[in-house]
Amino acid sequence: MRTKNVRLVELNEDNWYECCQLEISEEQRNYIEPNAISIAQSKFEPTLVLYGIYLEEKVVGFLMYNSVPEELEGHWVYRIMVDKQFQGQGIGKAATMLMINEMAKLPNVKKIVVGYHPENLGAHNLYASLGFIDHGDRFGKEMAVIKHI
């Protein structure tokens, strides 16, 4: 596994377009918005923090979270994705662990919350393996799981 070579780089003028070109698998299209939508959203919500996920020197994924608490008094993960060519290699898990470490540095963070469609088994397995707990919270079609920091 090459996950020790996974790192996060803040989104900037050099990597934003590469993040827009990343693709998810066909079966994931019902679960996640395109990265370009997330990047546009961040221009209207200045508390969002965006990163490119790198494997060595290549952009292979994208993530975004809120730097202030929201519903359930938690800091929400808005997006995390790995390009379809790089899925199944542990990159998403490595990036999520790095993201949790970054979020834990935020002032007064007590909970990290992520929402996902209940049928998205990949997301469910990832977050469960990292200690996120389902307390039964639902927001529309998504379930919300919580990790206490």
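Just above sits the structure.
Residues numbered from 1 in each chain as written. Predicted model: local features only at pLDDT ≥ 70, side-chain atom pairs only at ≥ 80, totals over all residues. Heavy atoms only, no water.

1. Focus on the sheet that holds strand 1 (residues 6-10)
No. 1: Strand order in the open sheet formed by seven strands is 1-2-3-4-5-7-6, with mixed pairing between adjacent strands. Here the strands that pair on one side only, and so sit at the sheet edges, are strand 1 and strand 6 (133-139). Neighbour-to-neighbour, the strand axes of the sheet open up by a mean angle of 30°, direction not taken into account.
No. 2: Alignment of strand 1 against strand 2 (residues 48-55), held across five bridges, turns out to be antiparallel. Its bridge partner being in strand 2, V9 is matched across the sheet by G52.
No. 3: Contacts between helix 2 (residues 35-42) and the sheet are confined to strand 2, strand 3 (58-66) and strand 4 (75-82), with strand 3 contributing the most and set at about 45° to the helix. (Pairing = 2+ DSSP bridges. Helix = DSSP H or I, 4+ residues; strand = E, 2+ residues; numbered from the N terminus. Axes fitted to C-alpha atoms, helices over the stretch in contact; angles between N-to-C directions. Contact = heavy atoms within 4.5 Å.)

2. Things to note about the side chain of T96
No. 1: Of note, T96 is situated in helix 3 (residues 91-104).
No. 2: Since its relative accessible area comes to 0%, T96 is described here as buried.
No. 3: A polar contact is formed between the side chain of T96 and the backbone oxygen of G92, at a distance of 2.7 Å.
No. 4: Setting aside residues up to four positions removed in sequence, T96 forms contacts with I80, L126, Y127 and L130. (Buried < 20%, exposed > 50% of the residue type's maximum accessible area, 1.4 Å probe, protein only. Polar contact = N/O pair within 3.5 Å; in protein donor to acceptor, adjacent residues only side chain to side chain.)

3. Points about the environment of S25
No. 1: Along the chain, S25 falls in the loop between helix 1 (16-21) and helix 2.
No. 2: Among the residues examined, S25 registers a relative accessible area of 11% and is labelled buried.
No. 3: Residues S25 and G90 lie 65 residues apart in sequence; the distance between their C-alpha atoms is 16 Å.
No. 4: Setting aside its immediate chain neighbours within four residues, S25 contacts K84 and Q87.

4. Quick notes on the packing of helix 3 against helix 4 (residues 121-129)
No. 1: Viewed as axis vectors pointing N to C, helix 3 and helix 4 meet at an angle of 45°, and their least axial separation amounts to 11 Å. Classified by the angle between their axes, helix 3 and helix 4 sit oblique to one another. As for the relative orientation of helix 3 and helix 4, their crossing is right-handed in sense. On helix 4, the residues touching G92, K93 and T96 of helix 3 are L126, Y127 and S129.
No. 2: Here the residues of the contact of helix 3 with helix 4 sort into two nonpolar, three polar and one charged. (Parallel < 35°, antiparallel > 145°, perpendicular 65-115°, else oblique. Left-handed = near helix turned anticlockwise from the far one by under 90°. Nonpolar A, V, L, I, M, F, W, Y, C, P; charged D, E, K, R; others polar.)

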